[in-house]
Every structure is written in C-alpha cells, then in structure tokens.
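Survey of secondary and tertiary structure
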Amino acid sequence: KAGVTQTPRYLIKTRGQQVTLSCSPISGHRSVSWYQQTPGQGLQFLFEYFSETQRNKGNFPGRFSGRQFSNSRSEMNVSTLELGDSALYLCASSFTGGAGQPQHFGDGTRLSIL
Amino acid sequence: TQLLEQSPQFLSIQEGENLTVYCNSSSVFSSLQWYRQEPGEGPVLLVTVVTGGEVKKLKRLTFQFGDARKDSSLHITAAQPGDTGLYLCAGATRGKETSGSRLTFGEGTQLTVNP
C-alpha cells in the first residue's frame, strides 16, 4: 500500500515569489491535513481538507491557502513568500479525519526562502 | 489555545539505560498520539491512547494516558541506538467524525542513545 506522497521534496524560492506544494494521500483516505515544522515552533497545524472542503484552519495568515481535488489529492499554496516561511511542510492523511484516527504523514517538502 | 508541554527537550543517554518522556497540558484531549520522526522523514505513528489511565506497550516502549486525559508519558526500557530520534506527542481535540479534527503537537524530545 503506497504511503503519502509529497512533491517536490526540496524547493528553493526567493522572497516575494509564490509556491505550490502537492500531497497525494493514501488510497481511500479522504482527509488531508497540512502542518508546518520549524525548529523554533515545532509542528503547527495549517488546515485540513475533507471532500474538497476546508474543514479546519490554524492560525496562519491568508497567504497560506490550499485546496483538495475530487480524488482527495491536495495542494497548498503560499503567496508573497517571506524568509520566515522557510520550513518543512508536512501533509498527513486519514480516512475521515476524526479525532483519534491515526494520521499518516508524508516525508514533507523542505522549502527554503533566500 | 491548547498547548502541550513536552519534556525534556533533549536527552542523551547510554545504551541500556531507561528513560521517560513527559507530555502535559491543561486541556483535555479526546486522544493522544505518540510519533517518532527521523531526519528527512515525516513523523511515524507509534501509538494512540484514548481512555484515561490507559497503558499500552510496544516492545520496550510503554505509553500511559493520564486519568484526566491531560497528560501522557512514554517510557523506554533498555534503550538502544536504534531508538534515536525525535519523539512527538500530539493531542487530538474532541469532535464528531464529520467535523474533523486537528492535532496539537508538543515541542518534541530529541533522544540520542549512544552505543
């Protein structure tokens, strides 16, 4: 059974640019969540999508957005990149996203802002 | 805002020693999960505890959920170099299946087991 796939694995951008990250969940999983991981803040919840709808949202500015497609694949977009956006972006999938369901994480996209 | 305090942040021990990692919060969680993350990889789920007072064992790892469902601990017996990694606790908020959930993560404990 294939795991959660995130592309690309590494990305280098400059300030002011925008970026789109992709996440393919485990087959049959309909909930996809995104997290930002930095050394100082740890793992922080960005948002969760289920059936193409954003269901939960963390405390991040509107520059961070996402969407989910009918096949449950999800994309995350960050516009007007800032140096502080440098981080490991992780996505996780689960069957329906209910509390207590195990979250299966991808290996992340390492985003570096120059 | 729900917060999870994890301690210690860093732990360096010798092979064969025992250790305990703590995860504490003032909030109640419907469940608590422990993950382990290695460099360059995403977190991998170790265990989910749901019931207050629950104890689960996974080989040399013992996980406990506090009676009030606000705290948890991870105990490793006879640590081995292969146990080295970042250990993360994460609390799931109470909610219905259809309303989704989010995980609140602790800061993590970086464990190094020296041979």
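The structure this text deals with has already been given above.
Notes on the structure in this doc start here. (Residues numbered from 1 in each chain as written. Chains lettered and ligands numbered in written order. Predicted model: local features only at pLDDT ≥ 70, side-chain atom pairs only at ≥ 80, totals over all residues. Heavy atoms only, no water.)

1. Digging into the interface of chain B and chain A
What counts, and what does not: In what follows, a contact means two residues having at least one pair of non-hydrogen atoms within 4.5 Å. Accessible surface is computed with a 1.4 Å probe, and the buried area is the amount of it that two parts give up when combined, taken over both parts together. By definition here, a salt bridge exists when the distance from a side-chain nitrogen of Lys or Arg to a carboxyl oxygen of Asp or Glu is within 4 Å. Any pair of N or O atoms that falls within 3.5 Å is considered a polar contact. Within protein, one atom must be able to donate a hydrogen and the other to accept it, and sequence-neighbouring residues count only if both atoms are side-chain atoms. Helix and strand definitions follow DSSP, with helices as H or I runs of at least four residues and strands as E runs of at least two, each counted in order from the N terminus. Classification used: nonpolar for Ala, Val, Leu, Ile, Met, Phe, Trp, Tyr, Cys and Pro, charged for Asp, Glu, Lys and Arg, polar for all others including Gly.
On the chain A side, the residues contacting the 24 residues of chain B number 23 residues. Of the roughly 1,800 Å² buried at the junction of chain B and chain A (both faces included), carbon and sulfur atoms supply 47%. Run the count over chain B and chain A and you get 0 salt bridges. The interface formed by chain B and chain A contains 7 residue pairs in polar contact (both at pLDDT 80 or more). Put simply, the parts of the chain that give the side of chain B that touches chain A at least two residues each are β4 (31–37), β5 (44–49), β9 (85–92) and β10 (103–105) of chain B. At 4 residues, β4 of chain B tops the list of elements feeding residues into the side of chain B that touches chain A. The class makeup of the residues in the side of chain B that touches chain A is 8 nonpolar, 13 polar and 3 charged.

2. As for the packing of aromatic side chains
Keep this limit in mind: Classification of ring pairs uses Phe, Tyr and Trp, with its six-membered ring standing for Trp, and accepts pairs whose centres are within 6.5 Å; under 30 degrees between planes counts as stacked, over 60 as edge-to-face, and the remaining range as tilted. We call a residue buried when its accessible area falls under 20% of the maximum for its residue type, exposed when it is over 50%, and partly exposed in between, using a 1.4 Å probe and counting protein chains only. Two conditions define a charge located above a ring, namely a distance within 6 Å from the ring centre to NZ of Lys or CZ of Arg, and an angle within 35 degrees of the ring normal.
Under the counting rule described, the total for this entry stands at 9 aromatic pairs over all chains. Here the aromatic rings of Phe 60 of chain A and Phe 64 of chain A are separated by 5.2 Å at their centres, their planes lie at 65 degrees, and the arrangement is edge-to-face. A single burial state applies to Phe 60 of chain A and to Phe 64 of chain A, both of which are buried. Three or more aromatic residues joined by ring pairs form one cluster here, namely Tyr 35, Phe 45 and Phe 105 of chain A together with Tyr 35 and Phe 105 of chain B. One Lys or Arg, Arg 55 of chain A, reaches over the ring of Phe 50 of chain A and ends 4.2 Å from the middle of that ring.

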